[in-house]
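Observations on the three-dimensional arrangement
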Amino acid sequence: MNQINQKSESAKYWEEHLESWEASAYFKEGQQKANWWDRLSTVFRGDAMYVRMQTALELLKPHIKDKTVLDVGCASGRFAFQMIEAGATKVFGTDISNEAVNLAKQRAKELNLQNQLEFSITDVVQANTPLQQVDIVTALGVIEYFDAKDMAAFLGNLRTKYILLDFPDLGRKKEFPTWMLRQVYIRVNKLPGVYLYSLDEFAKIAELFGFTNLRVINKNQFYYVTNLPE
Ligand SMILES: C[S@@+](CC[C@H](N)C(=O)[O-])C[C@H]1O[C@@H](n2cnc3c(N)ncnc32)[C@H](O)[C@@H]1O
């Protein structure tokens, strides 16, 4: 585990909240661990988190075979397991939540996949905390919690040529009812913040760390930023 001196705001929040969020986001496997507010969110969110993951996998499939991947904010490893099934040789997953990472490790062990799946705990916005060297980095539902300073620290920690990240597109503000609901969720749950970016704003930070030729893909109502070949 990396040395975590002072935990970031996103890390502090997610350490406490992740179990309930995952239980409600992936409700088809049972919602017992979700608090009442997250259960209510499921009513509005429906199966959107399944769609977000499935869509990301579809975008990755042409690129992932025999590649190494790091899934940042992997939670209990759901996406990492799917990427192995899709043909990646090795997937690393990292998250701030001790509990979630332990669960992911346990699943990998039960499926005898420890050689292909490696999970660790990292606060990825701690500056100068280099992450695993891989071909592709993924992150779903993670970078929206990073302000510009955290974003720079995160991108500076990456050691990869390609990224595919669920993108907190500024355009989402125009989806007014969804945006309003999000604001209520943020306040009720005391979430530190959700930061939306235009592609230009994000690209300006990302190019400092060598990520160029970025584009936003809008598919199945989700946005992803990537530099994977077209
Ligand atoms: C909304 S959840 C998404 C989980 C998973 N990627 C998914 O789509 O199901 C956000 C995840 O990012 C992780 N996370 C947030 N801030 C982080 C940080 N600073 N370092 C590492 N992980 C972080 C949380 O612990 C949580 O697992």
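Owing to the predicted nature of the structure, the values given are computational and were not obtained by experimental measurement.

**With respect to the sheet that holds strand β4 (residues 136-139)**
The strand order across the open sheet formed by seven strands is β3-β2-β1-β4-β5-β7-β6, and the pairing between neighbours is mixed. On the outer flanks of this sheet lie β3 (117-121) and β6 (215-219), each paired with one strand and no other. With direction set aside, neighbouring strand axes in the sheet form an average angle of 20 degrees. Where strand β2 (residues 90-95) and β3 come together, five bridges link them in parallel fashion. If you follow Phe 92 over to β3, its bridge partner there is Glu 118. Packed on one face of the sheet, helix α5 (residues 98-110) meets β2 and β3 and runs near 165 degrees to β3.

**Focus: the site of the ligand**
By nearness alone, 22 residues border the ligand, and Ser 10, Trp 14, Gly 73, Leu 140 and Gly 141 come closest of all. Those elements that place two or more of their residues in the shell around the ligand are α1 (9-25) and α4 (78-85). Sorting elements by how many residues they give to the shell around the ligand places α1 first, with five residues. Of the residues assigned to the shell around the ligand, the class counts are 13 nonpolar, six polar and three charged.

**Focus: the pairing of β2**
With respect to burial, β2 is a largely interior element, five of its six residues being buried. Pairing geometry for strand β1 (residues 68-72) and β2, over five bridges, is parallel. Bridging from a neighbouring strand, Val 72 pairs with Thr 94 of β2. The handedness of the β1 to β2 crossover, carried by α4, is right-handed.

**Examining helix α3 (residues 48-64)**
The end-to-end C-alpha distance of α3, which contains 17 residues, comes to 23 Å, matching closely the 24 Å that a straight helix rising 1.5 Å per residue would cover. Of all the bends in α3, the greatest, near 30 degrees, is centred on Glu 58, and the proline Pro 62 appears no more than four residues after it. Of all the residues in α3, the buried ones are Met 49, Arg 52, Met 53, Ala 56, Leu 60 and Ile 64. Asp 66 lies just past α3 and shows a positive phi near 65 degrees.

**Brief notes about the nonpolar core**
One finds Val 69, Ala 80, Met 83, Val 137 and Leu 165 to be the most contacted residues of the largest nonpolar core, which totals 55 residues. What Val 137 contacts, discounting residues up to four positions off in sequence, is Leu 70, Val 72, Leu 158, Thr 160 and Ile 163.

**Things to note about the environment of Asn 98**
Along the chain, the position of Asn 98 falls in helix α5. For Asn 98, a count of 12 C-beta atoms within 10 Å translates into the label exposed. Each C-alpha atom of the pair Asn 98 and Thr 122 lies 9.4 Å from the other, and the pair is 24 residues apart in sequence.

**What to know about the pairing of strand β7 (residues 222-226)**
The element β7 is extensively covered by neighbouring structure, given that four of its five residues are classed as buried. Both strand β5 (residues 162-166) and β7 contribute to a ladder of three bridges, which runs antiparallel. Among the inter-strand pairings, Leu 165 is bridged to a residue of β7, identified as Val 225. Connecting the antiparallel pair β6 and β7 is a turn made up of two residues, with Asn 220 showing a positive phi of about 50 degrees.

Rules of the game
- Within every chain, residues take consecutive numbers counted from 1 along the sequence as written.
- Note on the predicted model: pLDDT of at least 70 is required for a residue's local features to be given, and 80 or more for side-chain atom pairs to be given and counted; whole-chain, interface and lining totals, by contrast, use all residues.
- Strand pairing follows a simple DSSP-based rule, namely that at least 2 bridges must link the two strands.
- The helix and strand labels rest on DSSP assignments: H or I over at least four residues marks a helix, E over at least two residues marks a strand, and numbering proceeds from the N terminus.
- For every element, the axis is a line fit to its C-alpha atoms; helices are fit only across the contacting stretch, and the angle between N-to-C directions ranges from 0 to 180 degrees.
- A residue pair is marked as a contact if its C-beta atoms, positioned from the backbone, fall within 7 Å.
- In this analysis, residues qualify as near a molecule or strand once their C-beta atom, positioned from backbone atoms, comes within 6 Å of it.
- Polar here means any residue outside two lists: the nonpolar Ala, Val, Leu, Ile, Met, Phe, Trp, Tyr, Cys and Pro, and the charged Asp, Glu, Lys and Arg; Gly therefore counts as polar.
- Whether a residue is buried, exposed or partly exposed follows from its count of other C-beta atoms within 10 Å of its own C-beta, namely 20 or more, 12 or fewer, or something in between, respectively; the C-beta atoms are built from the backbone.
- If the strands point away from the viewer and the path from the first strand over the helix to the second runs clockwise, then the crossover is right-handed.
- One fewer than the residue count of a helix, multiplied by 1.5 Å, yields its expected span.
- Fitting one axis to the seven residues ending at a residue and another to the seven starting there, the bend at that residue is the angle between the two axes.
- Linking buried Ala, Val, Leu, Ile, Met, Phe, Trp, Tyr and Cys residues through C-beta atoms within 7 Å yields a set, and such a set is a nonpolar core.

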